[in-house]
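Listed here are the chains, written in short residue letters.
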Amino acid sequence: MFDLRRLRMLHELALRGTIAEVAANLSYSPSTVSQQLSLLERDAGVALLEPDGRRVRLTPHGRQLAEHAARALELDEAARAALSAHGGLEPVRMAAMPTAAQTIVPAALTLLAERMPQLRVEVSEIAPEEGLFELAARRFDLVIAEQYPGHTRELRDGVKHELLGRDPIRIVLPPHEEPVELAALRDRAWVMEPPGTAARQWAVQQCRAAGFEPDVRFEATDLTAHVRLVAAGHAVGMLPDLIWGDRPPEVALAPLPGDPVREVFTAVRSVAREADGIRALRAALSEALASHRNATG
């Protein structure tokens, strides 16, 4: 009989690629992970790992067992979700993109405190790209993420995406500036998220569609830094409405061509989708986003 904890380590190694990263994510020492994987090899009776320079990689048998490990972990999670309906609630670990963590998450937690006070929710503010990966790795149970028009997020086996709502995206200009069309900003300095992010790819494409390559002088993952740079008159940018929370913008806004919106969605592993805690949390998030949209128009 295979030990589920050791199977989890093998699954993590298949996802992360190094024993050091597996150890960091599971809060073990690298030597403990190596020892447990050696015991799993003994149980399997075949080599699961082989040297790859100073690291290790999975053998064909190792990859095969890692696939079985993923299914075993799904069955374990499904059993826990089924039992949660008969008493105990499993804690829900949530990863939220920054704009959601700062706006709809507090409101959703307030709703949950009234409706299901016994539910423990643990929240980490993490970029969508990382959160969605860690969902597959079982570090989180629910992720709040977004996708921009024409930039659909990767669909992973065993993960379910559900729309929470739509969030308009607008041009942001220094205070008191008059709204202008995007093409009129070709000679301005821009602030955008770093290269490789969906937001950056989308924003650059909007500028190119308007006939220019943006002069991106400032890069920041924290959208409040975008707001401050624009408010100080150093840049222009594109930001979603969710960034303003329940306060009025401190910058001027202008529409983008086509009035684009990003989709805000939740992602959960399919086997845990019907767990009471996850269903309650998702309902509270949906209600919180709807209330935000009604309040801000």
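For clarity, every value in this text was computed on a predicted model and none was experimentally measured. (Residues numbered from 1 in each chain as written. Predicted model: local features only at pLDDT ≥ 70, side-chain atom pairs only at ≥ 80, totals over all residues. Heavy atoms only, no water.)

**Re the pairing of strand S6 (residues 159–173)**
Note the threshold: Here, any two strands with at least 2 DSSP bridges between them count as paired. Numbering of helices and strands runs from the N terminus, with a helix taken as a DSSP run of H or I at least four residues long and a strand as a DSSP run of E at least two residues long.
Bridge count for S6 against strand S11 (residues 261–269) is nine bridges, and the pairing is antiparallel. Directly across from Val 159, in S11, lies its bridge partner Arg 269. Relative to strand S9 (residues 237–240), S6 runs antiparallel, the two sharing four bridges. Across the sheet, residue Val 172 finds its bridge partner in S9, namely Gly 237. Of the pairings in the sheet, the one linking S6 to strand S10 (residues 252–255) comprises four bridges and is antiparallel in character. When the sheet's bridge partners are listed, Ile 171 is paired in S10 with Ala 254.

**Concerning the confidence of the model for the protein**
Rule in force here: Each residue carries a pLDDT score, the predictor's own confidence in it, on a scale running from 0 to 100.
Within the protein, residue pLDDT values average 90, and 96% of them lie at 70 or more. No element of the protein has a lower mean pLDDT than helix H4 (residues 60–84), at 83, and none a higher one than strand S7 (residues 189–192), at 98.

**Focus on the packing of helix H1 (residues 4–16) against helix H7 (residues 128–136)**
Rules: Lines fitted to C-alpha atoms define the axes, with helix axes restricted to the stretch in contact, and inter-axis angles between N-to-C directions lie between 0 and 180 degrees. Here, residues are in contact when the closest pair of their heavy atoms is within 4.5 Å. Ten residues, namely Ala, Val, Leu, Ile, Met, Phe, Trp, Tyr, Cys and Pro, are considered nonpolar, four, namely Asp, Glu, Lys and Arg, are considered charged, and the remaining ones, Gly among them, are considered polar.
Between H1 and H7, the least distance of the axes is 10 Å, while the angle of their chain directions is 145°. Listed contacts from H7 to His 11, Leu 15 and Arg 16 of H1 are Phe 133, Glu 134 and Ala 136. Taken together, the residues of the contact of H1 with H7 break down into three nonpolar, one polar and two charged.

**Focus on empty space enclosed by the protein**
Spelled out, the test is: With a 1 Å grid laid over protein atoms only, a set of points is called a cavity when a 1.4 Å probe fits there but cannot get out and a pocket when it is open yet has protein on both sides within 12 Å along at least five of seven lines; lining residues have an atom within 4 Å of a point. Grid points are joined across faces, edges and corners, and a volume is the space filled by probe spheres set on the points.
Under the criterion given, the structure shown has one cavity of 30 Å³ or more. Roughly 120 Å³ of volume is contained in the largest cavity. Taken together, 14 residues make up the lining of the largest cavity; nearest its centre are Tyr 148, Glu 193, Ala 199, Ala 203 and Met 238. Elements that contribute at least two residues to the lining of the largest cavity include exactly S7, helix H8 (198–209), helix H9 (223–231) and S9. It is H8 that contributes the most residues to the lining of the largest cavity, four residues altogether. Residues belonging to the lining of the largest cavity are distributed by class as follows: eleven nonpolar, one polar and two charged.

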